[in-house]
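Secondary and tertiary structure notes
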Amino acid sequence: MKTIHFNTGRLYQPDGQKITATLHDDGVVTFFDHSRTVIGEFPLGEHATFNEACVMDSYDNGLHRGTVRAWQDGTVAGECNSVWVQP
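Residues numbered from 1 in each chain as written. Predicted model: local features only at pLDDT ≥ 70, side-chain atom pairs only at ≥ 80, totals over all residues. Heavy atoms only, no water.

Thoughts on helix α2 (residues 68-75)
What α2 keeps buried is the set Ala70, Asp73 and Gly74. All buried residues of α2 project into a common sector of 90° when viewed along the axis, lining one side. (Buried < 20%, exposed > 50% of the residue type's maximum accessible area, 1.4 Å probe, protein only. Helix = DSSP H or I, 4+ residues; strand = E, 2+ residues; numbered from the N terminus. Arc of directions from axis to C-beta.)

Topic: the side chain of Thr30
Position of Thr30 among the secondary structure elements: in strand β3 (residues 28-33). Judged by relative accessible area, Thr30 falls into the buried class, the value being 0%. Only 3.0 Å separates the side chain of Thr30 from the side chain of His24, close enough to count as a polar contact. Within the local environment of Thr30, its side chain forms a polar contact with the side chain of Asn81, the two groups lying 3.0 Å apart. Once you skip the residues sitting within four places of it in the chain, Thr30 turns out to touch Thr20, Ala21, Thr22, His24, Gly40, Glu41, Arg69, Ala70, Asp73, Cys80 and Asn81. (Polar contact = N/O pair within 3.5 Å; in protein donor to acceptor, adjacent residues only side chain to side chain. Contact = heavy atoms within 4.5 Å.)

Side note on unusual backbone geometry
Of note in this structure, Thr37 is not a glycine but carries a positive phi near 50°. Looking at where Thr37 falls in the secondary structure, it is placed in the loop between β3 and β4 (38-43). On the basis of relative accessibility, which here comes to 61%, the residue Thr37 falls in the exposed class.

Considering the sheet that holds β3
By definition, the strands of a sheet pair up through backbone hydrogen bonds, in either a parallel or an antiparallel sense. Here we have 4 strands laid out as an open sheet, ordered β1-β2-β3-β4, and antiparallel in their pairing. Bordering the open sheet on either side are β1 (2-7) and β4, each of which pairs with just one other strand. Looking at each pair of strands side by side, their axes are set apart by 15° on average, direction ignored. In this sheet, strand β2 (residues 18-23) lies alongside β1 in antiparallel orientation, the contact comprising 6 bridges. Opposite His5, over in β2, you have Thr20 as the bridge partner. In this fold helix α1 (residues 52-60) packs onto β1, β2, β3 and β4, with an angle of close to 75° to the strand it touches most, β1. (Pairing = 2+ DSSP bridges. Axes fitted to C-alpha atoms, helices over the stretch in contact; angles between N-to-C directions.)

Quick look at the pattern of salt bridges
Considering all chains together, one arrives at 4 salt bridges under this definition. Asp26 is the salt-bridge partner of Arg69, the closest N and O atoms lying 3.0 Å from each other. Highlighted residues: Arg69 in helix α2 and Asp26 in the loop between β2 and β3, separated in sequence by 43 residues. Given the relative accessible area of 29%, Arg69 is considered partly exposed. With relative accessibility at 51%, the residue Asp26 sits in the exposed group. (Salt bridge = Lys/Arg side-chain N within 4 Å of Asp/Glu carboxyl O.)

As structure tokens, then:
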């Protein structure tokens, strides 16, 4: 499992758009947009690398879906996407 934190710089909040995303061992990525309270899940699939670009490609193009797993990862205290950390 690998978790990344990034700020897109989009002005959804005064301090930008903060996103936390996790690549799980089964090849599924979950993310939480802390600024807009949006969750999502998508398979890493065709993306060669797990990084900000692959997360934003899936997010911006609607290739993600809301799932219980994504919700738990993002909103349950102590889960992998629940806290945004300054990179």
